[in-house]
Amino acid sequence: MGTRVAVAGASGYAGGELLRLLAGHPDLEIAAVAAGSSTGKPITSIHPNLTGHPRFDGKNFDPTNADTLADAELIFMALPHGESAALASQLPDAKIIDLSADFRLGDEDAWHQFYGQDVRYAGRWAYGLPELPGAREKIKAAHTVAAPGCYATTSILALAPLLAAGLVEPTDIVIVAASGTTGAGRSPRVDLLASEIMGSMSAYKVGGSHRHTPEIEQALSEIQKLSEIQTPSSERSHASPTPVTLSFTPTLAPMPRGILATATARLAPGVADSADVTALLRSAFADLYGGGPFVHLLPAGQWPVTGAVAGSNGAHLQVAADLHAGRAVVVATTDNLGKGAAGQAVQIANLMLGLPEAAGLTTHGVAP
């Protein structure tokens, strides 16, 4: 018998991917499978890909409430923004991994700016991006963890090594990212109809209004602060650590899943004068991600493609120096339902429960 886990919000895309991964996990046992409006419906009527598993065949979605979830030793919450905090408050002693934004931000003003003045700010939990400096230890020690957003995961992974190594300026960063349609959730919308999406791309939430903007800036600013603290005192500025500011533009791509982010940042003074700038940039990625199972810097000249990580918890990255513009260019890709949501949540659970970090997960995508 493995550790008993429950999923709240199991009828959505991220919830369904969680069920698929948990069904094959060697050390976890699925307890409650809870949903909101789908309560009482057969699980396989919403997720027919799960047919054939004894936990799902002939079983219905449970109601989403504290009584249903209380028997689990760890709870995954894949609920809409604003709903996780209310449910978590009824489960004060539970181990919880929240996939919504309810506990990601440490700035209450930023929370209300991006999520609404009428939505209660619930505070911040440990941030669940294991590949960041010191994050694995914090996750292992935490009782509750906020899983990062999909855009945020991909963008932060792209830029963290360069900021940690002091190779780029923190105040001149531009990110343009494309997401598959599952990133918008399962609720029906006219702009997500196949006839609207197929053969077309569109930008949305332009001009710094996307909700992942403060999350990306928060994580990268903390890395920037750590980098400045670790700089020898003789070289350190006496000014306060420089917070990261960035321009983030999301786009919708005609594919069901995947994220491709292109991030550029101005090279720090003196970096462009190095004998081999690209080699210097690549070494920063090797230093931060070289020992981990899921994040991979591709061989020089090979650029990330979304299909290569589909269905996996992997992240592929590539970096180059644009010396004409004086900028570093990083392209990163993840599966927005994998490393961007459910896969990362399972990775977090493994760390919290003392299991092998890669248990139940793969870094290899499904192709073609």
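Worth saying up front: this structure is predicted, and the values here are computed from it rather than measured.

Visitor: Summarise the side chain of Lys339; cite the residues concerned and give the values.
Guide: Mapped onto the fold, Lys339 is located in helix H11 (residues 338-352). One polar contact links Lys339 to Gln347, side chain to side chain, over a distance of 2.8 Å. Residues within four places of Lys339 in sequence aside, it is in contact with Leu129, Pro130, Glu131, Thr153, Leu157, Ser312, Asn313, Gly314, Thr334, Gln344 and Gln347.

Visitor: Outline the layout of surface pockets, listing residues and values.
Guide: Volume-wise, the second largest pocket comes out at about 340 Å³. Lining the second largest pocket we find 19 residues, and of these Gly12, Tyr13, Thr182, Arg186 and Leu337 sit closest to its centre. Ranked by residue count, the leading element in the lining of the second largest pocket is helix H1 (residues 13-23), at 3 residues. Among the residues making up the lining of the second largest pocket, the classes are represented as 7 nonpolar, 8 polar and 4 charged.

Visitor: I'd love a proper account of the environment of Ala341, names of residues and values included.
Guide: Within the secondary structure, Ala341 is located in helix H11. Of the residues examined, Ala341 reaches a relative accessible area of 11% and is grouped as buried. Spatially, the C-alpha atoms of Ala341 and Pro148 are 7.5 Å apart, while their sequence positions differ by 193 residues. Discounting chain neighbours no more than four positions away, the residues touching Ala341 are Ala14, Leu99 and Asn336.

Visitor: Pulling in residues and values, what's your account of empty space enclosed by the protein?
Guide: Once rolled over the atoms, a probe with the size of a water molecule shows which space is left empty. Applying the stated criterion across every chain yields a total of 1 cavity of 30 Å³ or more. Reported here for the largest cavity is a volume of approximately 30 Å³. Lining the largest cavity are Glu17, Leu21, Gly311, Ser312, Asn313, Gly338, Gly343 and Leu361. Elements with a contribution of two residues or more to the lining of the largest cavity: H1 and H11.

Visitor: Tell me about helix H7 (residues 150-164), and please be specific about residues and values.
Guide: With 15 residues, H7 should reach 21 Å at 1.5 Å per residue; the first-to-last C-alpha distance of 21 Å fits that figure. Of all the bends in H7, the largest measures some 30 degrees and sits at Leu157, one to four residues before the proline Pro161. Extensive coverage of H7 is indicated by the burial of 14 of its 15 residues. A positive phi of about 70 degrees marks Gly166, the residue just after H7.

Visitor: Just give me the short version of the packing of H1 against H11, but keep the residues and values in it.
Guide: At a closest axis distance of 8 Å, the pairing of H1 and H11 adopts a crossing angle of 40 degrees. By the angle class used here, H1 and H11 are oblique. The crossing of H1 and H11 is right-handed. Residues Ala14, Glu17, Leu18, Leu21 and Leu22 of H1 form the contact with H11, whose own contacting residues are Ala341, Ala342, Gly343, Ala345 and Val346.

Rules and cut-offs
- Residues numbered from 1 in each chain as written.
- Predicted model: local features only at pLDDT ≥ 70, side-chain atom pairs only at ≥ 80, totals over all residues.
- Heavy atoms only, no water.
- Helix = DSSP H or I, 4+ residues; strand = E, 2+ residues; numbered from the N terminus.
- Polar contact = N/O pair within 3.5 Å; in protein donor to acceptor, adjacent residues only side chain to side chain.
- Contact = heavy atoms within 4.5 Å.
- 1 Å grid on protein atoms, 1.4 Å probe; cavity = no way out; pocket = protein on both sides within 12 Å on 5 of 7 lines; lining within 4 Å.
- Points joined across faces, edges and corners; volume = space filled by probe spheres on them.
- Nonpolar A, V, L, I, M, F, W, Y, C, P; charged D, E, K, R; others polar.
- Buried < 20%, exposed > 50% of the residue type's maximum accessible area, 1.4 Å probe, protein only.
- Expected span 1.5 Å × (residues − 1).
- Bend = angle between axes of the 7 residues up to and from the residue.
- Axes fitted to C-alpha atoms, helices over the stretch in contact; angles between N-to-C directions.
- Parallel < 35°, antiparallel > 145°, perpendicular 65-115°, else oblique.
- Left-handed = near helix turned anticlockwise from the far one by under 90°.

Without other data, these values stay purely geometric and don't point to any function.
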